[in-house]
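Fold and geometry: a report
Here is how the chains run, residue by residue.
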Amino acid sequence: MLVQAASLLALAASAVAAPAPSACSALWQTAPKLISNLTIYVAESYPDNTTFSTPTATTDYNTPVTNLSAFCRFGAYFNTSSNSRVQFEVWLPEDWNGRFAMVGNGGDAGGINYPSLGAAMSGYQFATSSTDTGHNGTSGDGTFAINNPESQIDFGWRAVHLTAVYSKLIINAYYGSEASNNYWIGCSSGGKQGLKELQMFPDTFDGVIAGAAAQWWPHLNAQTYRVNALVNGVNLTGHLTPADYGAINAVVLEQCDELDGLKDGIITNPDLCSPDLSSLSCSATAANASSCLNDDQIETMKTIWSDYSSTTGEWLFPGFKVGAEGFTTELVSGTPYGPGPDYFNYQVLNNTAVTPFNITNNVLFEGLIALADKTDPGQTNAINGYIEPFLSRGKLITFVGLADYLIPTGSSLWYHSHVEESLGRDVSDAYRLFTVPGMGHCAGGTAAQYFGNGRAGNKVASDPKQDMVLALIDWTENGNAPEYIVGSQAVNTTVGISSGIAFQRKLCPYPQEGVYIGGDANSADSFECQTPKVPVGW
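We now turn to the structure provided with this report. (Residues numbered from 1 in each chain as written. Predicted model: local features only at pLDDT ≥ 70, side-chain atom pairs only at ≥ 80, totals over all residues. Heavy atoms only, no water.)

Before going further, it helps to examine unusual backbone geometry. For residues that are not glycine, phi is negative in most cases, and the peptide bond is trans in most cases. Looking along the chain, the bond that leaves Tyr510 and enters Pro511 is cis, with omega of 10 degrees. You can see Pro511 is positioned in the loop between β15 (496-507) and β16 (513-516). Phi at Thr133 is positive, roughly 60 degrees, even though this residue is not glycine. Here Thr133 shows up in the loop between β7 (127-131) and α4 (149-175). You can call Thr133 buried: its relative accessible area is 1%. In this structure, Asn147 takes a positive phi of about 55 degrees despite not being glycine. With respect to the helices, strands and loops of the structure, Asn147 is situated in the loop between β7 and α4. (Helix = DSSP H or I, 4+ residues; strand = E, 2+ residues; numbered from the N terminus. Buried < 20%, exposed > 50% of the residue type's maximum accessible area, 1.4 Å probe, protein only.)

The next point concerns the state of the cysteines. The full count for this structure, using the stated rule, is five disulfides. Here Cys187 engages in a disulfide with Cys442; their sulfurs sit 2.0 Å apart. The sign of the S-S torsion, about -100 degrees, decides the handedness of the disulfide formed by Cys187 and Cys442: left-handed. In this pair, Cys187 sits in strand β8 (residues 181-187) while Cys442 sits in the loop between β13 (431-436) and α13 (468-478), placing the two residues 255 residues apart along the sequence. Across the protein chain, the disulfide pattern expressed with sequentially numbered bonded cysteines is 1-2, 3-8, 4-5, 6-7, 9-10. (Disulfide = S-S within 2.5 Å.)

The next point concerns the pairing of β13. Here β13 lies mainly inside the structure; six of its six residues are buried. Of the two faces of β13, the one carrying Tyr431, Leu433 and Thr435 and the one carrying Arg432, Phe434 and Val436 are both buried. Where strand β12 (residues 395-401) lies against β13, six bridges are found, and the strand directions are parallel. Looking across to β13, one finds that Ile397 is bridged to Arg432. Handedness of the crossover joining β12 and β13 through helix α12 (residues 410-423) is recorded here as right-handed. (Pairing = 2+ DSSP bridges. Right-handed = clockwise from strand over helix to strand, strands pointing away.)

This paragraph deals with the sheet that holds β7. Strand order across the open sheet formed by nine strands is β1-β4-β5-β7-β6-β8-β9-β12-β13, with mixed pairing between neighbours. Each edge of the open sheet carries a strand with a single partner, namely β1 (38-46) and β13. Each neighbouring strand pair of the sheet contributes to a mean axis angle of 15 degrees, computed without reference to strand direction. Two elements, strand β9 (residues 207-211) and β12, share five bridges in a ladder whose sense is parallel. Bridge assignment links Ile209 to a residue of β12, and that residue is Ile397. Each of β8, β9 and β12 touches helix α5 (residues 189-200); the most contacted strand, β8, lies at about 140 degrees to it. (Axes fitted to C-alpha atoms, helices over the stretch in contact; angles between N-to-C directions. Contact = heavy atoms within 4.5 Å.)

For the rest of this paragraph, the subject is the pairing of strand β6 (residues 99-103). Among the five residues that make up β6, five are buried, leaving the element largely enclosed by the rest of the structure. Pairing of β6 with β8 involves five bridges; the strand directions are parallel. Opposite Val103, over in β8, you have Ile185 as the bridge partner. Note that β6 and β7 share three bridges and pair parallel. Paired with Ala101 across the bridge in β7 is Thr128.

Turning next to the packing of aromatic side chains. All chains considered together, the criterion is met by 34 aromatic pairs. Relative to Tyr114, the ring of Phe52 lies with its centre 5.1 Å away and its plane at 45 degrees, an arrangement referred to as tilted. Remark: Tyr114 occurs in helix α3 (residues 114-124) and Phe52 occurs in strand β2 (residues 50-52); sequence separation between them is 62 residues. Given the relative accessible area of 3%, Phe52 is considered buried. With a centroid separation of 6.0 Å and 55 degrees between ring planes, the pair formed by Trp216 and Phe317 is classed as tilted. Of this pair, Trp216 sits in the loop between β9 and α6 (217-231) while Phe317 sits in strand β11 (residues 315-317); the two residues are 101 residues apart in sequence, bridging distant segments of the chain. Note on Trp216: relative accessible area 10%, which makes it buried. A connected cluster of aromatic rings, assembled from ring pairs, spans Trp216, Trp315, Phe317, Trp414, Tyr415 and Trp538. Lying over the aromatic face of Tyr77, Arg85 brings its terminal NZ or CZ to 3.8 Å of the ring centre. (Phe/Tyr/Trp six-rings, centres within 6.5 Å; stacked < 30°, edge-to-face > 60°. Lys NZ or Arg CZ within 6 Å of the ring centre and 35° of its normal.)

Okay, here's the thing in structure tokens:
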């Protein structure tokens with residue numbers, strides 16, 4: 001079956017003839033006839049083995065993109081109102097596989113995602129596109145929204161939707177034929193973008209990968225602000241530092257690492273771990289006064305691991321999983337990540353000038369969350385669980401690290417459960433969620449983190465069993481649902497998977513998990529997808 005699936009993918013990729021050399025420059029004339037109000041800034045061909053960079057790239061996406069296949073680069077702007085404008089680019093490879101894939105963004109980042117464009121194009125031969133979501137800016141800067149509700153809507157959904165529509169027109173004009181199938185690939189805000197599009201416009205894409213999605217935008221931003229400013233604020237007596245997290249994680253691994261039968265630095269099911277931190281307490285016998293934790297610090301860690309509930313007991317958002325503290329410099333530093341406070345400052349409160357956001361009263365803050373739920377500025381929220389119009393025709397794969405330090409793992413698990421509750425059925429025929437033990441936010445950690453999720457440098461093999469993008473194609477076009485995906489860890493995580501494979505694991509569709517059944521612990525064949533008695537919960 002694997003050989004057959006791979007052969008079908010290869011045949012599809014070789015079936016499309018390369019366009020004439022003049023087709024790229026011809027887009028200067030043809031594109032404005034297809035799309036009104038278009039300002040083109042590039043329609044240029046690049047040779048094989050190009051290393052692409054541009055001085056106009058934003059800081060989140062300015063890494064040079066290497067070893068690109070020959071392609072036509074098309075870029076343009078279009079206005080969405082009198083004071084809002086969207087940038088988008090379409091990369092059109094000579095060795096086109098006949099398909100279109102759009103790639104997402106991260107955080108509040110405005111800018112063309114050049115690394116992901118390159119990964120989708122050269123790694124899979126997609127014609128691919130990206131949007132700046134209506135502004136230029138970094139992932140942690142939400143000031144784009146100041147006094148501009150139209151730009152908020154662009155960020156919320158409009159830039160992605162119109163870019164997808166316009167990209168299809170450019171693809172048809174360049175190749176002389178439409179894409180056979182259309183895909184979305186994104187993580188974090190990119191996951192949210194994909195979910196929002198399939199909720200609002202179920203016919204845009206045939207297959208969607210939405211990793212660690214930021215879909216519950218108001219509540220995620222609330223948790224981001226609250227857990228940093230109100231729980232682990234830098235001036236609080238319970239403040240935890242990276243060194244504290246490191247000490248806590250050492251205790252966690254000592255107590256919980258081998259619960260899954262292996263001592264490998266990976267906690268397969270964090271919900272089975274109930275850490276006892278008493279050995280770190282300053283009240284413990286022979287405590288080290290310079291590194292022990294006071295009672296408030298121990299309580300802070302427990303609060304970070306716990307769900308966020310209101311002062312009246314209403315559940316608001318998941319907490320972080322045990323093990324996320326292993327990302328010592330990333331987890332809850334005490335300084336809120338920009339999208340959180342900026343969202344409430346410039347969209348919910350609609351402050352019209354740059355100003356600090358500093359609310360310390362829980363009841364007042366909960367009132368802002370309620371206001372955000374009611375007004376949904378920018379229409380960014382992407383939690384509609386009734387997605388039958390998409391699932392009846394397309395396929396959805398989501399994934400999440402069980403040690404995610406930025407968007408709590410439970411957010412992805414909650415949305416999966418929310419969809420099943422909304423539809424009143426098991427959705428595994430069209431929607432599967434894969435959990436990755438030990439992985440952080442979209443990537444990273446001690447985990448089998450390389451599984452072809454569309455990110456630059458993540459591709460391991462041209463095999464649907466080891467590549468999530470190819471698995472999505474195979475499921476969407478051939479009906480072969482992924483029973484598992486093999487994830488790999490690199491020998492040298494700084495270098496990446498090109499350094500070789502250290503070990504492999506089976507990543508399983510939720511609620512299953514990869515259970516060690518004996519044998520070589522570095523081989524995926526030593527793991528089996530099983531449904532545990534206590535699945536990871538949200």
